[in-house]
Amino acid sequence: MTEPFATVTIGSDEPGQLISPLIFGGMIEHFGRTVDPGIWDAEHDIPRSDTKAAIEAMGVRALRYPGGCFSDDYHWRDGVGPKSERPLVEETFWTTVTQRLGGFGTNSTFASTPEDIGRLIGPPEPNLLGTDEFLQYCLDVDAEPFLVVNMGTGTPEEAADWVRYCNVDRRSPRPVTWWSLGNEAWGIQEYAHAEPTVYGRRVVEFARAMRAVDPDIKFVAVGLPVNNTHESMPAGMAPYPAKVWNAGVLQECKDDIDLLSVHWYFPGMIERPLRTTGDLRQLSTSPQLLEDAFATTIGFVDDLTGPDRRIDISFDEWNRMVQFDDHLATNHPLGNAAFFAGCYNAILAHADRIPMAFISHLVNCLAPIQTDDKRLFVTVSFLVARLYSHHARGRSLSTRVESPSMHVQPFEGLDPAAMSGSILIEPREARVITAAATREGDRSAVFLVNADPEAAHDVEVISWADGPAKVQWIAGPDVWAQNDFDHPDVLQLREKVVHVDDGRLVVTVPPAGVAVVSR
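Only a predicted model underlies this, so the values are computations on that prediction, with no experimental measurement involved.

Draft legend 1. Fine view of the sheet that holds strand β8 (residues 178–181). Read around the barrel, 8 strands follow the order β3-β6-β7-β8-β9-β10-β11-β12 and close on themselves; strand pairing throughout is parallel. The average angle at which neighbouring strand axes cross in this sheet is 25°, direction not considered.

What follows is the structure, encoded as structure tokens:
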């Protein structure tokens, strides 16, 4: 019998960290084709039943709405009341963003002029999907709603009235507990952009006006991920370093908020497809950078707030992003499985400090679920999310991973203007195998991720009770294989029954893939 490539030992005698089901969230934004034709059948003014069924099958437990950047110019009253009286908003946040950001998206293969880009990503908004429809949708798919308040062109009074509409007058289908105070206010693209202390003071103003209506609601303020080696956002978009931004915001509002948000897209718009095994190696090891960012951000926030005031992290936007056109339609091939699984492992490693997370977006834009006007297919990110949402329950247990490392070369052929810092242009070392483990009553699971895109590896799992177990993985012809509208089942979940002997089990994890052992 050959020696296993790596070993994973589970901390089975510990209580573990409580896992919130809200880490399996997704964002619905009025952007491009996300709502129409992704979520909503505008012709019949009803939700798409196939998309709704896919969201339920994916295990989505929380929905963030109405954005995203769209929220910065969204007035909630436009989306309530009789449909015949709701306005058609010709220009949204996204309609003119290309002009405001100096050519954003003009390298698209779908359009070339700023006006055409605006019509694609910011079409006129008929407000068929508004507050009531969104909250009913949450009830239908059993997901917790998370509303993002307009701090760009809105007012504290407007936000307070939204709370009153949802939670006090109860004119909506259900109440809302979680509210985000703006979106990415650190960014020059946002209408709510301000200096960190100014934004922090506005958070206090909005939060107190809203809590005066309902004292039980909870708030998320806009933060940035902290890294010790590089800035997470290019300086041209986020002029304040992450530590400066977070410190200024929390100085003003730490007593009025519950969570601080972190957004993370890897590698950012490098404006070329991922096409080599080197590219996949960069992508599949990047969740290790994310886990470091979580740990560093949590430590930095704790140092700022002190032992008597704990503020956790809302990971309310995350995904893979490569080219602008990903925002209009994308597809995640099989070799992206290690990226999405690795991100879930990073979340589970800090389960007690990350009570909510939202893949962005849920449908069409960058998304696990892709639709045209009539058809639907799911990408590998959907299949990964389905595995984790089904098995990652109860408490997250510690794991000790003994794994070889591999050298990760920088991305090649990057446009210098697209670089977001040393994270992309410097080589690094990364572990080949990462893992997470969970337990809920008699149920337990181990999540094994192989970041190597060129070879499968045998991993020995230690400290499991003897007996039968099930191994599941995602299969396809090769790491570049993907589903599409005409071939929606190229990628499939596979499983087999295995047996644990003497507390040990060896599992083969596919290249750039994930294997889940459960019982």
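Draft legend 2. Highlighting the packing of aromatic side chains. Overall, the coordinates contain 24 aromatic pairs when judged by the stated rule. On the basis of an interplanar angle of 70° and a centroid distance of 5.3 Å, the ring pair of F93 and Y191 is categorised as edge-to-face. Within this pair, whereas F93 is found in the loop between β6 (62–65) and α3 (97–100), its partner Y191 is found in the loop between β8 and α7 (196–211), the two being separated by 98 residues in sequence. The class of F93 is buried, set by a relative accessible area of 1%. Its relative accessible area of 31% is what places Y191 among the partly exposed residues. One aromatic cluster is present, formed by F24, W264, F266, F294, F315, W318, F339, F340, Y344, Y388, F411 and F447 through successive ring pairs.

Draft legend 3. Layout of the pattern of salt bridges. Following the criterion strictly, the structure yields 25 salt bridges and no others. Residue R310 pairs with D312 through a salt bridge whose shortest N-O separation is 3.0 Å. Among the ionic contacts, a cluster of salt bridges with common partners joins D45, K83, R86 and E133.

Draft legend 4. Up close: the packing of helix α5 (residues 131–141) against helix α6 (residues 156–168). Direction vectors running N to C along α5 and α6 enclose 45°, while the axes themselves pass 12 Å from each other. The pairing of α5 with α6 is recorded here as oblique in orientation. Like other packed secondary-structure pairs, α5 and α6 cross with a definite hand, here right-handed. The segment α5 lies against α6, with T131, D132 and L135 engaging W162, Y165 and C166. Of the residues in the contact of α5 with α6, the class split is 4 nonpolar, 1 polar and 1 charged.

Calculation criteria
- Residues numbered from 1 in each chain as written.
- Predicted model: local features only at pLDDT ≥ 70, side-chain atom pairs only at ≥ 80, totals over all residues.
- Heavy atoms only, no water.
- Pairing = 2+ DSSP bridges.
- Helix = DSSP H or I, 4+ residues; strand = E, 2+ residues; numbered from the N terminus.
- Axes fitted to C-alpha atoms, helices over the stretch in contact; angles between N-to-C directions.
- Phe/Tyr/Trp six-rings, centres within 6.5 Å; stacked < 30°, edge-to-face > 60°.
- Buried < 20%, exposed > 50% of the residue type's maximum accessible area, 1.4 Å probe, protein only.
- Salt bridge = Lys/Arg side-chain N within 4 Å of Asp/Glu carboxyl O.
- Parallel < 35°, antiparallel > 145°, perpendicular 65-115°, else oblique.
- Left-handed = near helix turned anticlockwise from the far one by under 90°.
- Contact = heavy atoms within 4.5 Å.
- Nonpolar A, V, L, I, M, F, W, Y, C, P; charged D, E, K, R; others polar.

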